[in-house]
Amino acid sequence: MINVENLHKAFGDNHVLNGVDMSIGKGESMVIIGGSGTGKSVLLKCILGLITPDSGTITVNGKDATKGDRDAFLAQFGMLFQGGALFDSLSVWQNVAFRLQRGPLKLSKTDARDVAIEKLRRVGLKSDVADRFPAELSGGMQKRVGLARAIAAEPQIIFFDEPTTGLDPIMSGVINDLIREIVVEIGATAMTITHDMSSVRAIADKVAMLHDGSVQWTGPIDQLEHSNNPYLDQFLNGRAEGPIEAVR
Amino acid sequence: MILVSWINGFLAAIGAATLGMFASIGRVVIFALSTISHIFRPPFYPKEFAQQLLHIGYFSLPVVGLTAVFTGAALALQIYAGGARFNAEAVVPQIVAVGMVRELGPVLVGLMIAARVTSSIAAEIATMKVTEQLDALTTLSTNPMKYLTVPRVLAALCVVPILVGIGDIIGIMGGYFVATGRLGFNAAAYLQNTADFLEIMDIISSLVKGAAFGVIAALMGCYYGMQSDRGAQGVGKATKTSVVAASVLILAANYTLTELFFSA
Ligand SMILES: Nc1ncnc2c1ncn2[C@@H]1O[C@H](COP(=O)(O)OP(=O)(O)OP(=O)(O)O)[C@@H](O)[C@H]1O
Ligand SMILES: [Mg+2]
């Protein structure tokens, strides 16, 4: 479904991605882990075409992601941004229903609003937040509105950039279940970035660990514990000592 | 030796600055051309356009009115004082009319729009860029150029000429109040003189300038907003640069348009 080959991206002399290879099958849930600042968000943005990679190829459904009709390409995707990225000039329900109010998926205003409220309910938000503005919500609520917006148009491919950061443990559980449900029910392909190991175990079919600009380990979730990979091992156990330098 | 290397360094700095200037002019031109190309291709966003008409037009009325009335009033006093040296006090209505309509009306409204509208557009779009809202728009299959830039530029194009027209009238009225109230002009004669003296070309030039300045103001706001660096500093810098660029370009465009309309 999604294939990334030998992807390179540098910002000035900061070489963030240094030959990333990754492949995700249809209906699979891939979780990307790795230290802060290793380029996980940059990788997702490269696939979406928000950042132009320096070299490497990205194919989605066998087609080169950088060529062809951008609108049709992006219509398959939903994305939850790390910071939420809600439109602060629009109310919460208008944010969630953004895609349903314009373009080929256009619904009537009342229908779009109903869908938005249903999606908000699925991320644990009551209908009374629908008419509020993003600036009036807490950080965790904003994150969940972003999540509702990402899934509103029921895309085939969904990217979640740290869906549970800033949420309480119960709400994290709800969101983990939701992501799992979306993958199983709709058959969507998901790519999730997280630092939360309980999320990894709840969501992942496959795990990839990014470090030093490339994938250090990738494999199915049940091999996570017996990888014998020193990087992964250090990461899972949260040790300061190991191949990953903690103090730079 | 030291002098030579100093001169070399100096010339290199001038060269680099000049190249940089041409590069940024090039980028602005490309941005403007891309905006024009998006104006004619769907999807269109009429709701955003209407909202911007209100923002740029209606809410700018107070500041435009105040600027114009005080300028017209001061102009009348100065022309009276200056004219008195040649026994030509009577030209106040004519010169106020020409001065306001041909130059001061459009320029002052343009600069006020740069202060009020360019800055707010730049700050808003730069914040959207910094908080990834522009990226989010793109992933929701909405082109930021079509959704943000086109409605703002079109709204400014439509509404700033109207603001200039209103500014012209209010400026003339400012002169009229001072002239009739303080300087002893006859009210009816003042208005008659103004109307007789103004030509249709004066008014057309005023409105054309308004349209050009509106486009410059909105375009600079959008351009620098979208170019913004990351962080709060990026937003601040984008806002400042956009207002400076818009003001300078408006004054330069004003000179060019005056040459075109009146030099022949
Ligand atoms: N637009 C940009 N311009 C310049 N540098 C950037 C840009 N975006 C990201 N970077 C740099 O790329 C590196 C990776 O950033 P990225 O946001 O992908 O990290 P991350 O793995 O998502 O980290 P975290 O887990 O903290 O979110 C960082 O060093 C960052 O400074
Ligand atoms: Mg990140």
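Residues numbered from 1 in each chain as written. Chains lettered and ligands numbered in written order. Predicted model: local features only at pLDDT ≥ 70, side-chain atom pairs only at ≥ 80, totals over all residues. Heavy atoms only, no water.

As annotated in an unreviewed UniProt entry, chain B is ABC transporter permease from Paramylibacter ulvae. What the UniProt record of chain B gives under Function (unreviewed entry) is the line "Could be part of an ABC transporter complex." Comment text from UniProt for chain B, heading Sequence similarities (unreviewed entry), reads "Belongs to the MlaE permease family." (UniProt positions renumbered as here; feature names shortened; annotations may be inferred.)

The name that an unreviewed UniProt entry assigns to chain A is ABC transporter ATP-binding protein, with the source organism given as Paramylibacter ulvae.

S.K.: Can you walk me through the site of ligand 1 in this structure?
M.R.: As a matter of local geometry, ligand 1 sits amid 15 residues, with S36(A), G37(A), K40(A), S41(A) and Q82(A) nearest to it. Near ligand 1, the surrounding residues belong to chains A and B. Within the contact set of ligand 1, an oxygen atom lies 2.7 Å away from a side-chain nitrogen or oxygen of S41(A). The class makeup of the residues in the shell around ligand 1 is 3 nonpolar, 9 polar and 3 charged. (Near = heavy atom within 4 Å. Polar contact = N/O pair within 3.5 Å; in protein donor to acceptor, adjacent residues only side chain to side chain. Nonpolar A, V, L, I, M, F, W, Y, C, P; charged D, E, K, R; others polar.)

S.K.: Can you walk me through the confidence of the model for chain B in this structure?
M.R.: When pLDDT drops low, the exact placement of atoms in the prediction is not to be read closely. Residues and elements named next belong to chain B. Across chain B, pLDDT averages 94, with 100% of residues at or above 70. Ranking the elements of chain B by mean pLDDT puts helix α1 (residues 2-39) last, at 90, and helix α8 (residues 200-227) first, at 97. The ipTM value of the predicted complex is 0.91, and its pTM value is 0.91. (pLDDT = per-residue confidence, 0-100. Helix = DSSP H or I, 4+ residues; strand = E, 2+ residues; numbered from the N terminus.)

S.K.: When you look at the UniProt feature "domain: ABC transporter" (unreviewed entry) in chain A in this model, what are you seeing that I'm missing?
M.R.: Mapped onto this numbering, the UniProt entry annotates "domain: ABC transporter" (unreviewed entry) at residues 2-237 of chain A. Annotation note: span residues 2-237 of chain A, helix share 33%, strand share 26%, distance between end C-alpha atoms 30 Å.

S.K.: I tried to follow the sheet that holds strand β5 (residues 63-64) of chain A on my own but got confused; where do I start?
M.R.: Across a sheet, strands are paired by hydrogen bonds formed along the backbone, either parallel or antiparallel in direction. Residues and elements named next belong to chain A. If you trace the 4 strands from one edge of the open sheet to the other, you get β2-β1-β4-β5, paired in antiparallel fashion. This sheet does not close on itself; its edge strands, each paired only once, are β2 (14-24) and β5. The sheet contact formed by strand β1 (residues 2-11) and β2 spans 8 bridges and is antiparallel. By the bridge assignment, K9 is partnered in β2 with L17. (Pairing = 2+ DSSP bridges.)

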